[in-house]
Amino acid sequence: MTATAEPFIHLDGVRKTYRSGRKEHLAISDASFDVLPGELVALVGPSGCGKSTLLKILAGLHGYDEGEVRIGSPSHPFDASRDIGIVFQAPVLLKWRRILDNVLLPAELLGLPMAASRERARDLMAMVGLAGYEDKYPYELSGGMQQRAAIARSLIHDPKLVLMDEPFGALDALTREKMNLELLRIWKESGKTIVFVTHGISEAVFLGTRVVVFTAGPARMADNFEIDLAYPRTLDVKTHEDFGVYTRRIYKLLGME
């Protein structure tokens, strides 16, 4: 991955307005940034600033009013109908299905060969630390374990892009730290391109190859910079001086310093 690599995602001047009757709400005023293949880019900003709206635009769930959104390239072709995996803040597991069957759901919906998908689901569950829990129901798993299952589900159809919308926001602090470490391991093992939305400044710096900072709604990109901290990252990196420099840079951009 180099600075001259061809972008996998390209956004230029994206603007989004919600309309209700005569009222208008500007959710995104100007979003412009690139994501390279294999990056883990963190989008950080205050709650309600439009980050989730931007993620839904990338997912094709929302349209936009102005600007350009391009995903894929000649060297990295992209099919929006099958090349996106999504992890929401809540695991959204079907309570009447066993965990393995929850993981398999996208494969069923896409009509993929089920024998191969079932084998891949078991491999993914092992990768996220859920081997042996295939026949459990969601209520039998902790919140962190349920979110691991949701991550496995997002990878079952081998997407090229994984979109994560504050996936650890509902977890307690210790579980969240563990899940951050797990996500970095899974990202390295899977090689996926990930766009991760968070309002946690420390989380954004800890995870990201790069951080895109948005100010309070409407979302306006205030900065976009690489995080030059070596992988694999451990929690000790949070005590390093450079980590503090990055977090203070974001605090200042958000008017918190």
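The coordinates are above.
Remember, it's a predicted structure, so these values are computed and weren't measured experimentally.

Scoring rules and cut-offs
Residues numbered from 1 in each chain as written. Predicted model: local features only at pLDDT ≥ 70, side-chain atom pairs only at ≥ 80, totals over all residues. Heavy atoms only, no water. Helix = DSSP H or I, 4+ residues; strand = E, 2+ residues; numbered from the N terminus. Rg over C-alpha atoms; globule rule 2.2 N^0.38 Å. Buried < 20%, exposed > 50% of the residue type's maximum accessible area, 1.4 Å probe, protein only. Contact = heavy atoms within 4.5 Å. Lys, Arg positive; Asp, Glu negative; His and termini not counted. Charge placed at Lys NZ, Arg CZ, Asp CG, Glu CD. Axes fitted to C-alpha atoms, helices over the stretch in contact; angles between N-to-C directions. Left-handed = near helix turned anticlockwise from the far one by under 90°. Nonpolar A, V, L, I, M, F, W, Y, C, P; charged D, E, K, R; others polar. Phe/Tyr/Trp six-rings, centres within 6.5 Å; stacked < 30°, edge-to-face > 60°. Lys NZ or Arg CZ within 6 Å of the ring centre and 35° of its normal. Core = buried A, V, L, I, M, F, W, Y, C linked by side-chain atoms within 4.5 Å. Patch = residues over 30% accessible without salt bridge, like charges linked within 9 Å, V, L, I, M, F, W, Y side chains within 5 Å. Areas by Shrake-Rupley, 256 points an atom, 1.4 Å probe, with all protein chains shown as cover. Salt bridge = Lys/Arg side-chain N within 4 Å of Asp/Glu carboxyl O. Pairing = 2+ DSSP bridges. Right-handed = clockwise from strand over helix to strand, strands pointing away.

(A) Looking closely at the overall build of the protein chain. When helices and strands are tallied, the protein chain shows seven helices and nine strands. At 18 Å, the protein chain has a C-alpha radius of gyration in line with the 18 Å of a compact globule built from 257 residues. If one aligns the C-alpha atoms of the protein chain with their principal axes, the spans along those axes are about 50 × 45 × 40 Å. The 257 residues of the protein chain split such that 48% are buried. Across the protein chain, contacts joining residues at least 24 apart in sequence account for 71% of those joining residues at least 6 apart. Each charge class in the protein chain can be summarised by its mean position, and for the 31 positive and 33 negative side chains these summaries are 5 Å apart.

(B) Molecular detail of the packing of helix 2 (residues 99-109) against helix 4 (residues 143-155). Taken N-terminus to C-terminus, the directions of helix 2 and helix 4 make an angle of 35 degrees; their axes are 7 Å apart at the nearest point. Our pair here, helix 2 against helix 4, has a crossing hand that is right-handed. Contact residues: Ile99, Asn102, Val103 and Pro106 in helix 2; Ala149, Ala152 and Arg153 in helix 4. A breakdown of the residues in the contact of helix 2 with helix 4 according to their chemical character gives five nonpolar, one polar and one charged.

(C) Focus on the packing of aromatic side chains. Under the definition given, this model contains six aromatic pairs. Ring geometry for Tyr137 versus Tyr139: centroids 6.4 Å apart, planes at 15 degrees, classification stacked. Tyr139 sits in the exposed class, given a relative accessible area of 66%. One cation-aromatic arrangement involves Arg233 over Tyr231; the distance from NZ or CZ to the ring centre is 3.9 Å.

(D) Just the nonpolar core, in detail. With 49 residues, the main nonpolar core has Ile151, Met164, Ile194, Phe196, Val211 and Ile250 as its most contacted residues. Of the residues forming this core, the biggest block, six residues, is contributed by helix 4. Residue contacts for Val211: discarding those within four places in its chain leaves Ala42, Val44, Ala204, Val205, Asp223, Asn224, Phe225, Ile227 and Ile250. If you look at the next biggest cluster of nonpolar residues, it comprises 26 residues, including Ile9, Ala27, Leu43 and Val197.

(E) Region of interest: a negative patch on the surface. Together, Glu226, Asp228, Glu241 and Asp242 make up a negatively charged patch on the protein surface. Mapped onto the fold, Glu241 is located in helix 7 (residues 241-253).

(F) Here's a closer look at the pattern of salt bridges. Under the definition given, this model contains 16 salt bridges. Between Glu24 and Arg19 there is a salt bridge; the shortest N-O distance is 3.3 Å. Here the salt bridges do not stand alone but share partners, grouping Arg148, Glu182, Arg185 and Glu189 into one network.

(G) Local environment of unusual backbone geometry. For the peptide bond that leads from Tyr231 to Pro232, omega is 0 degrees, which places it in the cis range. One can find Pro232 in the loop between strand 9 (219-226) and helix 7. In the Ramachandran plot, Val92 falls in the positive-phi region, its phi being about 55 degrees despite a non-glycine side chain. One non-glycine residue, Glu166, adopts positive backbone phi at about 45 degrees. Inspection of the secondary structure assignment puts Glu166 in the loop between strand 6 (161-165) and helix 5 (173-190).

(H) A look at the pairing of strand 7 (residues 193-198). Of all the six residues making up strand 7, six are buried; the element is thus mostly covered by neighbouring parts of the structure. Side chains of strand 7 alternate between two faces, with Thr193, Val195 and Val197 and Ile194, Phe196 and Thr198 buried alike. Note: strand 3 (residues 40-44) against strand 7, five bridges, orientation parallel. Its bridge partner lying in strand 7, Val44 is registered against Thr198. Bridge analysis of strand 6 against strand 7 gives five bridges, and the strand direction is parallel. In the strand pairing of strand 7, Val162 is matched with Ile194. One crossover worth recording links strand 6 to the parallel strand 7 by way of helix 5, and it is right-handed.

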